[in-house]
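One letter stands for each residue in the lines below.
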Amino acid sequence: MSDEAAPTPGNFIRHIIEDDIKANKHEGRVATRFPPEPNGYLHIGHAKSICLNFGVALDYSGSCNLRFDDTNPHKENIEFVESIQQDVRWLGYDWGDRLFYASDYFEQLYEAASELVQAGKAYVCDLTAEQTREYRGTLTEPGTPSPFRDRSVEENLDLLSRMRAGEFEDGVRVLRAKIDMASPNMNMRDPTLYRIRHGVIHHQTGESWCIYPMYDFTHPVSDALEGITHSLCTLEFADHRPLYDWVLDNVSVPCHPQQIEFSRLNLEYTVMSKRKLTELVDEGRVAGWDDPRMPTIAGLRRRGYTPESIRDFCTRIGVSKSENTVQMGMLENCIREDLNEHAPRRMAVIHPLKVVITNYPEGQVEQLDVANHPQDESLGKRTLAFTGELYIDREDFREEAPRKYKRLVSGGEVRLRNAYVIRCDEVIKDAHGEIIELHCSYDSATLGANPEGRKVKGVIHWVSAVHGVAAEVRLYDRLFTAPAPDSSKDGRDYKDFLNPDSLRTVTHCMVEPALAGAEAGERFQFEREGYFCVDPSPGEHATLVFNRVVTLRDSWAKIEQQQNP
RNA sequence: UGGGACGUCGCCAAGUGGUAAGGCCCGGGGUUUUGAUCCCCGUAUUCGCAGGUUCGAAUCCUGCCGUCCCAGCCA
């Protein structure tokens, strides 16, 4: 057991950075940035980027800026800029005093645009959006130059300043780079640099601007102004790199950062696009961005994932340029490993079945001393009350034992975890034949000792009926039923694969008394069930609510499945 | 049919001319008052395919095949 972080394995980006340091490129400096657009909550895919950018900065004594890419006020808002900061911080990263907004550079961006115009490298274009599309050509055919491409520098300068002054309506004109309408790279066919947007209140700049720069223009300039050395982004931006470099080569900036692309994370049984996650939230398919079924950082946090487990996950999946879809098991393994080591053990009965121990002295209560962790004494002990009436889980009793079943059966014996061995003598049913109670007898010689002359293989958990505390338990499962819900070949929408059983709420659970004062966000292992987290929602919960983070590995479930295919 | 990228075990992923790391999953065994944990052991004669260069190729060359991305006044 060790809390030492495993060394981060090398990847192609780290190799490039190490080579650059050796070659004294950028004076040996390393500066990265994490540049989210505040138009949604961060998800596990962003965590990969965050761990990469901040991790690299940490390991090479560099710095990593947090910069909001806020150039499209239509889609962005302050709730997102706040949640993003909270999530990055929660993941364990610190941007110090280097919190920036692309909008901090609007004035410099405008000057850079003027510079391009003056150099004859940008022009104001009056084509409509639709016309622009037609003029752009197709993947296989070159585009056609805009009729406004050869406007004079003077006219362009005048028009640009009047765009800024608000003289033109939305969509009437744009500023475009003058590059190459015949380029095989669509991004180089005179890309739009600025568009007009009236009537939106930007969360940072308010109403001071009515023209907004595009990503392809904003990003390289922002990177350069911040002295970024390595600008890491996902694969789909590889085609934009020539434009990124073009902008930096044609505008006066202090340095020329290097853009490097890596592949984004895909996770089985979920979706990762912001558009789809936004849809799930807006349409009420989930309870919000922090719904524990969401792959968002906020969702994982509420589910009970630890920041350590997410960071561990990010280092395990690595960084490469190949298209990948990581199995859920990988993420689950990371949280199991963390919680197995750190979570105190408790007993909780999710589907209670009453057990009466007929030979237990009436009214007697025994206080049992029990370890909080089977391997780690430093987690201490707690006391458990044992009584003649208790609850076990319905799953742990069968009238007829299936093959290899080693829990309680009629006439059979089982060990009550941390307590005695009991035998089931009688099954009490109601008028419908439903089992409502078990009458058992206990062997008083089996507390902390094996029974004489026989072996009892099964061990089940239990809660004293008089000391137990009522609780609600939320059992989560994967949000989608298909491994790749957003790429079905038969034209079905990702929402057609929503898992109807992704949340099962169980209301009348019984948990051991030590759980009574559990605080929001506290995590436990409910023995033989899984890891659970006290729901941290700022709550008006009348009773305790536990979210299931993840089940325990369950080899019995595998056996059972093989027996009843 | 243009351009960009990628193809190493079921899923990730090292490897950068010297004879296929590691993790997850999976299978088998052991310990265990959690069917958990932990501990052993096993799992690619082969790197998309086909040629070529070389004493030697996953690594170099050529050709082919497959997958992903690009035609927002989104990022």
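Values in this document were obtained by computation on a predicted structure and should not be read as measured data.

Caption draft 1: Looking closely at the sheet that holds strand 12 (residues 352–357). Taken in spatial order, the seven strands make up an open sheet running 21-18-19-20-12-15-22, and their pairing is mixed. Each edge of the open sheet carries a strand with a single partner, namely strand 21 (459–460) and strand 22 (462–464). Relative to strand 20 (residues 435–443), strand 12 is paired through four bridges, and the arrangement is parallel. Looking across to strand 20, one finds that Ile357 is bridged to Cys440.

Caption draft 2: The protein's contact with RNA strand B, seen in detail. Taken together, 72 residues lie near RNA strand B, and Ser320, Arg345, Arg417, Gln525 and Arg553 sit nearest. Per the 4 Å cut-off to the protein, sugar and phosphate atoms form 65% of the nearby atoms of RNA strand B. Asn418 places a main-chain nitrogen or oxygen 2.8 Å from a base oxygen of RNA strand B. Contacts to RNA strand B include Gly448, whose backbone N or O atom sits 2.7 Å from a base oxygen.

Caption draft 3: Looking closely at the sheet that holds strand 24 (residues 503–511). An order of 10-25-26-27-23-24-11 is seen for the seven strands of this open sheet, with the pairing classed as mixed. Every interior strand has two partners, whereas the edge strands, strand 10 (345–346) and strand 11 (348–349), have only one. Across seven bridges, the pairing between strand 23 (residues 469–476) and strand 24 is antiparallel. When the bridges of strand 24 are listed, Val469 appears paired with Val511. Its contacts with the sheet place helix 12 (residues 328–342) against strand 10, strand 25 (523–526), strand 26 (530–534) and strand 27 (544–551), and it is angled at close to 120 degrees to strand 27.

Caption draft 4: Local environment of the side chain of Asp396. Locating Asp396 in the fold gives a position in the loop between strand 15 (389–393) and strand 16 (397–398). Residue Asp396 is classed as buried on the basis of its relative accessible area, which comes to 2%. At 2.4 Å, the side chain of Asp396 forms a polar contact with the side chain of Arg528.

Caption draft 5: The pairing of strand 20, seen in detail. Relative to strand 20, strand 19 (residues 421–429) runs antiparallel, the two being bridged by eight bridges. Directly across from Lys429, in strand 20, lies its bridge partner Ile435. From the end of strand 19 to the start of strand 20, which pair antiparallel, there are five residues, and Gly433 there has a positive phi angle of about 85 degrees.

Caption draft 6: Spatial organisation of the side chain of His461. Topologically, His461 is positioned in the loop between strand 21 and strand 22. Here the side chain of His461 touches Ala348 through a polar contact of 3.2 Å, landing on its backbone oxygen. Setting aside chain neighbours within four positions, we find His461 in contact with Met347, Ala348, Val349, Tyr391, Ile392, Asp393, Asp396, Arg417, Glu527, Arg528 and Glu529.

Caption draft 7: Summary view of helix 7 (residues 215–225). Of all the eleven residues making up helix 7, nine are buried; the element is thus mostly covered by neighbouring parts of the structure. For helix 7, the full list of buried residues reads Asp216, Phe217, Thr218, His219, Pro220, Val221, Ser222, Asp223 and Ala224. Once helix 7 finishes, Gly227 follows within two positions and takes phi at roughly 70 degrees, a positive value.

Caption draft 8: The arrangement of the environment of Trp246 in detail. Residue placement: Trp246 occurs in helix 8 (residues 241–250). A relative accessible area of 13% means that Trp246 is categorised as buried. Once the C-alpha coordinates of Trp246 and Ala177 are considered, the two residues, 69 residues apart in sequence, prove to be 9.8 Å apart. Setting aside residues up to four positions removed in sequence, Trp246 forms contacts with Leu116, Lys121, Ala177, Lys178, Ile179 and Met188.

Caption draft 9: The pattern of salt bridges, seen in detail. Inspection of the entire model under this criterion finds 40 salt bridges. Residues Arg164 and Glu107 are paired through a salt bridge, measuring 2.9 Å at the closest nitrogen-oxygen approach. Here Arg164 is found in helix 6 (residues 153–164), whereas its partner Glu107 is found in helix 4 (residues 106–118), with 57 residues between them in sequence. One salt bridge in this structure joins Arg162 and Glu167, with 2.7 Å as the shortest N-O distance.

Conventions adopted
Residues numbered from 1 in each chain as written. Chains lettered and ligands numbered in written order. Predicted model: local features only at pLDDT ≥ 70, side-chain atom pairs only at ≥ 80, totals over all residues. Heavy atoms only, no water. Pairing = 2+ DSSP bridges. Helix = DSSP H or I, 4+ residues; strand = E, 2+ residues; numbered from the N terminus. Near = heavy atom within 4 Å. Polar contact = N/O pair within 3.5 Å; in protein donor to acceptor, adjacent residues only side chain to side chain. Contact = heavy atoms within 4.5 Å. Axes fitted to C-alpha atoms, helices over the stretch in contact; angles between N-to-C directions. Buried < 20%, exposed > 50% of the residue type's maximum accessible area, 1.4 Å probe, protein only. Salt bridge = Lys/Arg side-chain N within 4 Å of Asp/Glu carboxyl O.

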